[in-house]
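Fold and contact review
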Amino acid sequence: MEEIEIIKPDDWHVHFRDNEILKAVVPETTRHFARSIVMPNLVPPILNAKQAVEYKKRIEKVIPSTDNFEPLMTIYLTEETNRDDLKSAYKNGSVFAVKLYPAGATTNSESGVKDIQKIMPVLETMAEIGMPLLIHGEVTDPNIDIFDREKVFIDTKLDFICREVPNLKITLEHITTQDATLYVKECNQNLAASITPHHLALNRNALFVGGIRPHNYCLPILKRETHRKALVEAAVSGNPKFFLGTDTAPHLIKDKESACGCAGVFNATYCIQILTQLFDNEDSLQNLEKFISKNGANHYNLKTSNETILMVKSNETSSFKEYLHIGNQKIKIFKPDFPVFWTVSK
Ligand SMILES: [Zn+2]
């Protein structure tokens, strides 16, 4: 039997939502992860330090007592974000990072940024104090093809920000294209990128296998196979600029299987097993720990976890449950189309 012990991983991008969904999904993440950066796109969004602290308390209440887990909070950047509030929240440790959503880019992003020029003073302040900026990197112009929106964002917005504020620590989140991997590799050392398990496992054909597949719909949308391959190459390479951010994003079945289904893949439950298999399939298990436990912590100037997890490879494929139940509602759990032999043995 094959085993590997690795530093307990971190998830640098999660959606915990609120209320009943929050209660159900938090333990799915805290079971295997040491820390997560928690996204602020609630309804209404987390716009200031006070709201972030209140949300953190609601999260802490539902962490199982057996799990040692730290949620790292974020503020949703708008053209009105207060610089003094940010500064004090970052310095007293209540808020870890700021999230930039171009207005309308994804779920609950209506209050996002329309004009990058208007947020430049905030970005300057963040660079001064060392506060990270997390970016949903897509333009929202309806005239730009949905498959090109990440590349156009890099060319027209990200490159501008990186040049204007080179000292700002930036994460281009959930990258989906070869263009993004190339840009991140070549840009200054303050720019890194996170990658999701589903963008590593699926290409855009997965949206249309025998019919429309709403559970594979996420934003940024899945891209063609050449891009998926570039993401895998970046993830398994061990390059310190790439790390895991699952973008686990729960939506109830009724909201996914709908005439206008929500974007998001809920992948927290089996994420570590799936990634271990993916690295195994690529003969790159030696770089798994870098991708899921080390590179992100280094980018954010944090120590890695003191705890470890043990991964065990069995002769039989893991059987995954299909749904997470919430009262009489349910959420579909992501599983890839390749067999998974690895399990997490605490
Ligand atoms: Zn997200």
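Preceding this paragraph is the structure being described.
From a predicted model like this one, the values you see are computed outputs, not experimental measurements.

On to helix H10 (residues 271-281). Of all eleven residues that make up H10, ten are buried, and the element is covered over most of its length. Within H10, burial applies to Cys271, Ile272, Gln273, Ile274, Leu275, Thr276, Gln277, Leu278, Phe279 and Asp280. Asp283 lies just past H10 and shows a positive phi near 55°.

Here we take up unusual backbone geometry. Residue Val43 is joined to Pro44 through a cis peptide bond whose omega torsion reads -5°. Note that Pro44 resides in the loop between strand S3 (35-38) and helix H2 (49-61). In this model, Asn301 sits at a positive phi of 55°, which is unusual for a non-glycine residue. Along the polypeptide, Asn301 turns up in the loop between helix H11 (288-299) and strand S11 (308-313).

The next thing to look at is the sheet that holds strand S2 (residues 11-14). Ordered in space as S2-S3-S4, the three strands form an open sheet in which the pairing is parallel. Of all the strands in the sheet, just S2 and strand S4 (70-72) have a single pairing partner and so form its edges. For this sheet, the mean inter-axis angle between neighbouring strands, taken without regard to orientation, is 30°. The pairing of S3 with S4 spans three bridges and is classified as parallel. Bridged to Arg35 within S4 is Glu70.

This paragraph deals with the environment of Val265. If you trace the backbone, Val265 turns up in the loop between helix H9 (253-256) and H10. Sequence spacing of Val265 and Ile4 is 261 residues, and the spatial spacing of their C-alpha atoms is 27 Å. Apart from the residues lying within four places of it in its own chain, the contact partners of Val265 are His198, His215, Tyr217, Cys218, Asp247, Thr248, Ala249 and Phe334.

Conventions and cut-offs
- Residues numbered from 1 in each chain as written.
- Predicted model: local features only at pLDDT ≥ 70, side-chain atom pairs only at ≥ 80, totals over all residues.
- Heavy atoms only, no water.
- Buried < 20%, exposed > 50% of the residue type's maximum accessible area, 1.4 Å probe, protein only.
- Helix = DSSP H or I, 4+ residues; strand = E, 2+ residues; numbered from the N terminus.
- Pairing = 2+ DSSP bridges.
- Axes fitted to C-alpha atoms, helices over the stretch in contact; angles between N-to-C directions.
- Contact = heavy atoms within 4.5 Å.

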